[in-house]
Amino acid sequence: NEQLAIPQLRQSSYRHETPPTNPSRRCLHLGYFGGKRLHKISWSAPKPSPLTRSAPMAKLAIFFTLTLSLLPFLSHSFSPDTPTDRRILVLLDDFSLKSSHSIFFTSLKSRGFDLDFKLADDPKLSLQRYGQYLYDGLILFAPSVERFGGALDVAAVLDFVDSGHDLIVAADTTASDLIKSVATECGVDFDEDPSAMVIDHQGYAVSDVDGDHTLIAADELIRSDVILGKTKIEAPVLFKGIAHSLNAANTLALKVLSGSPSAYSANPSAKLSSPPSLTGSAISLVSVVQARNNARIMISGSLDLFSNRYMKSSVQKAGSPSKYEKSGNEQFVTEVSKWLFHERGHLKAGNLRHLKVGETGEPAMYRIKDDLEFYVDIFEWSGNSWEPYVADDVQVQFYMMSPYVLKTLSTDKKGLYHTSFKVPDVYGVFQFKVEYQKLGYTSLSLSKQIPVRPFRHNEYERFIPTAFPYYGASFTTIFFFYLFVFFLVIKTRFAGALQMAGFFIFSVVYLYNNRMVGRPPFSIL
Amino acid sequence: MASPESAVNGPTMTAGAASKSLRNAFGGVIAFIILVLIGVLAFSIRLFSVIKYESVIHEFDPYFNYRVTQFLSKNGIYDFWNWFDDRTWYPLGRVIGGTVYPGLTLTAGTIWKVVNSLNIPLSVETVCVFTAPIFSAFASWAAYLLTKEVKGPGAGLTAAALLAMVPSYISRSVAGSYDNEAVAIFALVFTFYLYIKTLNTGSLFYATLNALAYFYMVCSWGGYTFIINLIPMHVLLCIVTGRYSSRLYIAYAPLVVLGTLLASLVPVVGFNAVLTSEHFASFLVFIIIHVVALAYYIKGILSPKMFKVAVTLVVSVGLAVCCAVIAILIAVVASSPTKGWSGRSLTLLDPTYASKYIPIIASVSEHQPPTWPSYFMDINVLAFLVPAGIIACFMPLTDSSSFVILYIVTSVYFSGVMVRLMLVLAPAACILSGIALSEAFNVLTRSIKNRKKEKENVEKKPTPSKTEKRLLVLPLEASVIAVLLLVLLGAFYVVFSVQVHCVWAAAEAYSAPSIVLTSHSNDGGLHVFDDFREAYSWLSHNTDVDDKVASWWDYGYQTTAMANRTVLVDNNTWNNTHIATVGTAMSSPEKQAWEIFHSLDVKYVLVVFGGVVGYPSDDINKFLWMVRIGGGVFPHIKEPDYLRDGQYRIDAQATPTMLNCLMYKLSYFRSDFIPIHKTDGKGFDRVRRTEIGKKHFKLTHFEEVFTTHHWMVRIYKLKPQRNRIRGKTKKSKSSRSVSSKRDVRGKRNPWH
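In this text, all values refer to a predicted model and were calculated from it rather than measured experimentally. Throughout, residues of each chain are indexed from 1 in the direction in which the sequence is written. Written order decides the labels, with chains lettered from A and ligands numbered from 1. Only residues with pLDDT of 70 or above have their local features reported here, since the model is predicted, and side-chain atom pairs are shown and tallied only from 80 upward, although totals for entire chains, interfaces and linings are computed over all residues. To obtain the side-chain values, all non-hydrogen atoms of the structure were used and water was disregarded.

Chemist: Would you mind going over the side chain of A:Ser245 in detail, with residue names and values included?
Modeler: Under the scheme used here, helices are H or I runs from DSSP no shorter than 4 residues and strands are E runs no shorter than 2 residues, and both carry numbers assigned from the N terminus. In this structure, A:Ser245 sits in strand S12 (residues 244-246). By definition in these notes, contact holds between two residues if any of their heavy atoms fall within 4.5 Å. Excluding its chain neighbours within four sequence positions, the residues that come into contact with A:Ser245 are A:Gly187, A:Val188, A:Asp189, A:Leu278 and A:Ala282.

And the structure:
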């Protein structure tokens with residue numbers, strides 16, 4: 001099953017301009033130089049084959065040797081075959097966070113991640129070197145930073161995401177424009193009022209002092225096993241921070257933790273003069289975004305959510321009799337981070353293949369009304385190995401501008417999905433399409449083009465029973481015509497017989513041709 | 001048929017048959033040599049395009065024919081018949097085998113096969129390039145045969161010579177113009193010749209040949225309906241004027257029966273041969289001729305009195321039957337929305353039909369009515385000789401000459417409807433001009449001869465024969481002068497001037513392959529614009545084999561043939577909706593256009609833009625047709641939105657819809673930097689001769705990937721969908737500066 005690599009999918013045509021989904025670092029690098037740059041050279045000249053280039057060839061060779069020599073160092077990093085992130089850069093406002101949030105970091109380290117802590121304004125900050133990304137994930141625990149140090153800026157962070165890497169952004173009341181603009185670019189709008197916080201007079205966490213109800217015991221979690229794990233999070237999650245909202249049209253972003261109906265976003269120390277702009281369940285406390293290239297982003301309105309203090313603290317939601325010894329924060333954060341770093345919910349599909357029933361080997365073209373079988377392999381990454389993905393809702397479309405056939409695939413529970421159907425009675429250029437978008441999972445979009453041709457001239461039915469009267473009519477006409485010609489001509493001239501023979505031959509040829517066409521004469525009348 | 005020459009030779013008959021046959025043989029040899037020379041002339045005058053440019057296929061449709069021929073020569077005739085082409089009309093595909101007229105392809109394929117089996121290694125392209133000149137030589141010979149049947153060999157030779165170099169025909173048959181008309185004109189004239197030959201001889205052999213020639217014509221060109229309507233018209237004319245004969249019957253009846261059977265064997269025609277209204281005239285006349293034949297037969301065997309009784313009987317019964325048949329016919333025909341006529345035929349019957357209902361037919365330039373100057377450009381002095389020819393055909397009016405008159409009259413009408421049918425007029429004009437010239441020579445030379453003889457024999461034979469008396473005889477001096485004038489005129493005006501004109505037309509006007517353009521600079525230098533091939537070769541080298549390229553349908557055939565990429569629409573405009581979809585995309589704003597194209601899996605968009613070099617037939621000039629055709633199917637595209645006060649303009653006065661549509665943006669993107677004099681960064685369009693209305697805009701959903709040397713072809717790529725969806729918050733000041741920085745950094749095109 002090692003052959004089931006993503007590059008087998010029909011993405012090669014994207015190679016020139018955009019990096020492909022989750023490529024390995026090596027592939028990306030070569031794709032960049034070998035593909036895009038040379039692509040420009042080839043504007044004027046025909047595209048040279050890699051073996052006939054001289055100067056670019058030398059460059060290419062150097063990169064090959066470089067990458068080959070780097071291979072041992074890179075082998076433990078993220079790749080399509082092992083999609084879990086490995087190296088993570090953590091940017092902090094100050095290093096005290098390292099200890100105050102140590103539970104979260106330790107859990108990451110214990111899962112095998114390689115954390116690199118840096119100050120957000122470190123002047124040597126850089127995500128990539130020589131066009132290669134040094135990290136697979138980025139955690140921004142620096143809400144107040146106004147400007148990153150080094151070569152890092154918003155664009156660099158977004159490019160990082162756009163090349164398939166993952167991101168955690170945590171904000172709080174001190175959130176800077178920089179952090180807010182990163183969030184906005186990812187589809188999350190923080191409340192524009194800089195002093196506003198989420199307040200909930202119904203769902204606050206009971207504490208010793210009767211505060212301003214900004215510490216919230218949130219329990220409106222998304223119902224998704226793949227994001228939050230199979231074990232239900234019983235205790236409420238403690239949250240203190242700012243609210244954000246999602247654009248309803250944004251299909252990529254999800255509210256993982258949303259505000260209760262009584263929550264609103266306002267300045268807790270000022271008197272409310274106008275209705276708050278963000279209220280109720282429109283408020284999202286923690287959101288996740290899965291970009292189109294399956295890069296995953298988590299945005300939290302609270303940095304304290306990740307802190308040791310909140311994780312260890314006991315929690316009781318106002319008005320609720322049950323008191324929990326430990327808040328749900330630790331479980332929540334751990335499970336979401338598992339999803340985020342592709343330890344869960346990462347699918348790969350490939351080996352799309354189809355064949356005519358009773359034949360082996362993939363045909364280049366089908367005929368209308370052919371019976372065909374369709375196969376596709378889908379696997380899920382379990383964190384350290386590829387396991388068969390089992391679901392009963394994977395569908396294949398036989399598509400030409402609209403789906404002509406839509407079939408649910410059955411699985412053998414070993415990763416192989418299969419169905420069979422009859423090609424519709426329409427010719428054209430069709431596509432087998434597997435579009436699988438399920439909450440929390442990587443979206444699968446595979447297609448394979450296949451033309452469908454009409455019948456050949458000799459594939460039609462030779463004789464149709466309903467047309468027998470017409471055959472009868474034509475043969476009777478022919479027969480009596482010969483009889484007529486015989487009596488009219490044969491008596492007078494011998495030449496007439498010859499002519500008649502000629503007519504006879506012609507008619508036979510004509511009928512033979514009609515038989516070849518397969519459409520009996522006048523049957524469509 | 002007594003030829004005029006033999007009438008002239010009447011008095012010398014007594015001199016002996018030997019000298020006469022010798023003279024005839026001599027004349028035959030000379031005529032043969034002249035015919036060979038005419039063939040050489042017809043062939044060689046069409047080679048200017050190869051000499052001036054190169055041996056290359058021209059225009060648009062020939063590229064398709066060339067591609068089909070390549071397929072035929074590679075895969076054989078059965079695969080050609082069943083060819084389903086998945087590289088065009090994506091995603092519908094096209095069944096090529098069932099929708100092409102295979103005559104041209106099969107002809108060239110056969111030539112290629114024969115030549116190669118003789119171990120002459122010609123490429124398919126070479127054969128395709130030279131098919132048209134070869135067949136124009138054949139067409140000249142066919143014109144000789146036809147005119148000879150009508151008015152004798154002298155007229156035939158003149159007509160053949162004229163047809164060999166009439167500009168109208170040259171325009172469609174220069175080397176490289178590998179289109180159906182190239183062989184169809186030969187087939188047309190040859191079919192007419194065989195019809196006249198059958199009519200003159202009454203031979204069933206020629207009638208069968210006639211049906212076969214008709215079959216070849218049906219294979220070659222949709223214009224075969226002209227034959228199957230013109231011949232019945234002529235038959236009807238003969239019957240009405242009391243010229244019915246058994247020869248007419250033999251010329252007509254086998255043609256209809258065999259011809260229809262054969263025509264229905266061509267896949268593209270099939271049952272249309274009996275189902276569509278274009279063919280009904282022939283069946284109606286077929287019935288009429290049988291009724292008439294029966295009437296003549298009965299008249300022959302009955303006494304006049306009995307005949308009168310029979311006539312009343314037959315007429316009353318016949319009328320009833322006729323009414324019933326006609327009622328059924330009308331009911332059948334009226335049940336179809338277009339009354340059983342195809343759009344193109346309706347356009348011929350009602351010249352305003354297409355512009356009212358079918359913009360897709362009206363949008364094709366060769367379907368427009370011709371302008372007056374184009375008559376003089378295309379048939380030149382023949383236009384003046386045709387009336388003389390018609391008069392000559394009336395003296396005396398025979399079956400065959402009435403056919404020629406009918407031919408010229410109908411073809412003049414058709415050429416007035418569609419400029420491409422000028423091609424049908426050209427042979428008719430040549431035949432009639434040939435007749436006119438040769439008759440004039442006949443009359444004048446005869447006058448000279450007779451006057452001389454009269455002077456010699458003034459005492460000997462006071463009474464010339466009756467036939468001679470009726471002939472027009474002019475005074476000697478007048479005729480000598482007239483002959484001299486005619487020769488002089490012929491030399492300097494008709495032959496010389498036409499030839500100079502024809503040579504000029506062949507060399508300058510009609511040889512341009514339109515895929516390669518040239519222009520003369522002020523110092524007499526030649527500048528070649530090879531942008532089309534540059535763009536197509538870029539596509540074929542830099543894009544994936546299965547990528548789809550969207551462009552206006554004009555460039556569809558060329559893209560599939562030269563770039564080997566899949567296209568959405570092409571010059572075979574069979575699906576109006578699909579073309580309207582492309583038209584709608586081109587007239588929509590960028591985002592909607594992107595969505596339309598994306599839904600059709602389009603990767604690249606190709607536009608032709610002439611604003612930099614002043615190439616007038618670019619997409620902006622065709623754009624209103626895209627709007628019309630698109631609006632015909634998708635009513636949210638409205639033509640007035642693109643016009644300011646009814647005027648089509650692209651300057652600052654243009655409507656916002658116009659300035660925001662995809663076609664405008666793709667054409668003028670970055671053209672404010674056009675590195676050509678006179679612009680100075682002002683965005684000056686050299687075709688429209690105006691400054692463009694919207695400059696310095698950016699494309700959001702498309703990116704430019706290639707622009708040819710003279711900017712004539714521009715190729716854009718659809719940007720992939722954005723990886724993330726932005727939030728609603730407006731960019732703050734700091735993030736804006738960041739993002740502009742990013743734009744600078746992310747710049748990929750050196751021209752940005």
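Chemist: Give me the lowdown on the sheet that holds strand S11 (residues 713-718) of chain B, citing residues and values where you can.
Modeler: All names here are of chain B. Strand order in this open sheet of 5 strands is S6-S5-S7-S11-S10, and the pairing throughout is mixed. What marks the edges here is a single partner per strand, and that holds for strand S6 (566-567) and strand S10 (702-707). Each pair of strands is called paired provided DSSP finds at least two bridges between the two strands. By the bridge criterion, 3 bridges tie strand S5 (residues 548-550) to strand S7 (residues 602-608) in an arrangement that is parallel. Counterpart to lysine 548 in the pairing with S7 is valine 602. Helix axes are fitted only over the stretch in contact, all axes being lines through C-alpha atoms; the angle between N-to-C directions runs from 0 to 180 degrees. Packed on one face of the sheet, helix H26 (residues 531-542) meets S5, S7, S10 and S11 and runs near 25° to S11.

Chemist: Pulling in residues and values, what's your account of helix H22 (residues 399-417) of chain B?
Modeler: The span one expects for a helix is its residue count, reduced by one, times 1.5 Å. Given a rise of 1.5 Å per residue, 19 residues ought to cover 27 Å, and the 28 Å separating the end C-alpha atoms of H22(B) matches this to within 8%. The element H22(B) is extensively covered by neighbouring structure, given that 15 of its 19 residues are classed as buried. When accessible area is computed with a 1.4 Å probe and restricted to protein chains, residues below 20% of their type maximum are described as buried, those above 50% as exposed, and intermediate ones as partly exposed.

Chemist: Give a description of the packing of aromatic side chains that names residues and reports values.
Modeler: Describing an aromatic ring pair means giving the distance of the ring centres and the angle of the ring planes. Pairs were defined over the aromatic rings of Phe, Tyr and Trp, the Trp ring being its six-membered one, requiring ring centres within 6.5 Å. Orientation was assigned from the angle between planes: stacked under 30 degrees, edge-to-face over 60, tilted for the rest. One pass over the full model with this rule turns up 56 aromatic pairs over all chains. Measuring from centroid to centroid gives 5.5 Å for A:Tyr427 and B:Phe84, while their planes differ by 75°, and the two rings are edge-to-face. Pair noted here: A:Tyr427 is in the loop between strand S26 (416-422) and strand S27 (428-436) and B:Phe84 is in strand S1 (residues 84-85), and the two residues belong to different chains. A:Tyr427 sits in the partly exposed class, given a relative accessible area of 36%. Consider the rings of B:Phe623 and B:Tyr642, whose centres lie 5.7 Å apart with planes at 75°: the pair is edge-to-face. On the criterion of sequence distance, the pair formed by B:Phe623 in helix H30 (residues 619-633) and B:Tyr642 in the loop between H30 and helix H31 (656-660) is long-range, its members being 19 residues apart. Following the ring pairs from residue to residue traces out a cluster consisting of B:Phe192, B:Tyr195, B:Phe226, B:Phe403, B:Tyr407, B:Tyr413 and B:Phe414.

Chemist: Please set out the environment of A:Lys433 residue by residue, giving values where relevant.
Modeler: Residue and element names in this part refer to chain A. Positionally, lysine 433 belongs in strand S27. Given the relative accessible area of 14%, lysine 433 is considered buried. Excluding anything up to four places from it in sequence, lysine 433 contacts Gln395, Val396, Gln397, Tyr399, Leu446 and Ser447.

Chemist: I'd like a description of the nonpolar core, backed by residues and values.
Modeler: Judged by nonpolar contacts, the single largest core of 173 residues is most densely connected at B:Phe192, B:Phe597, B:Phe702 and B:Ile715. Those residues in contact with B:Phe702 that sit more than four places away from it in its chain are B:Glu590, B:Ala593, B:Trp594, B:Phe597, B:Val605, B:Leu662, B:Leu666, B:Tyr716, B:Lys717, B:Leu718 and B:Lys719. Grouping buried Ala, Val, Leu, Ile, Met, Phe, Trp, Tyr and Cys residues that are joined through side-chain atoms within 4.5 Å yields what is termed a nonpolar core. Listed in part, the 74 residues of the second largest apolar core include A:Val90, A:Val288, A:Val336 and A:Tyr417.

Chemist: Mind laying out the sheet that holds strand S24 (residues 402-408) of chain A, listing which residues take part and the relevant values?
Modeler: The sheet built from 5 strands is open, its strands ordered S20-S28-S27-S23-S24 (chain A) with mixed pairing. Looking at which strands have only one partner, the edges of the open sheet turn out to be strand S20 (366-367) and S24 of chain A.

Chemist: Any chance you could break down the pattern of salt bridges for me, citing the residues and the numbers?
Modeler: For this analysis, a salt bridge means a side-chain nitrogen from Lys or Arg found within 4 Å of a carboxyl oxygen belonging to Asp or Glu. A full pass over the atoms with the stated rule returns 38 salt bridges over all chains. A salt bridge links A:Glu330 to A:Lys326, with the nearest nitrogen and oxygen atoms 2.6 Å apart. A salt bridge links B:Lys603 to B:Asp547, with the nearest nitrogen and oxygen atoms 3.3 Å apart. Of the two residues, B:Lys603 is situated in strand S7 and B:Asp547 in the loop between H26 and S5; the sequence distance between them amounts to 56 residues. Each of the two residues, B:Lys603 as well as B:Asp547, counts as buried. It is possible to trace a salt-bridge network through shared partners that takes in A:Lys356, A:Arg367, A:Asp370, A:Arg453 and A:Glu459.

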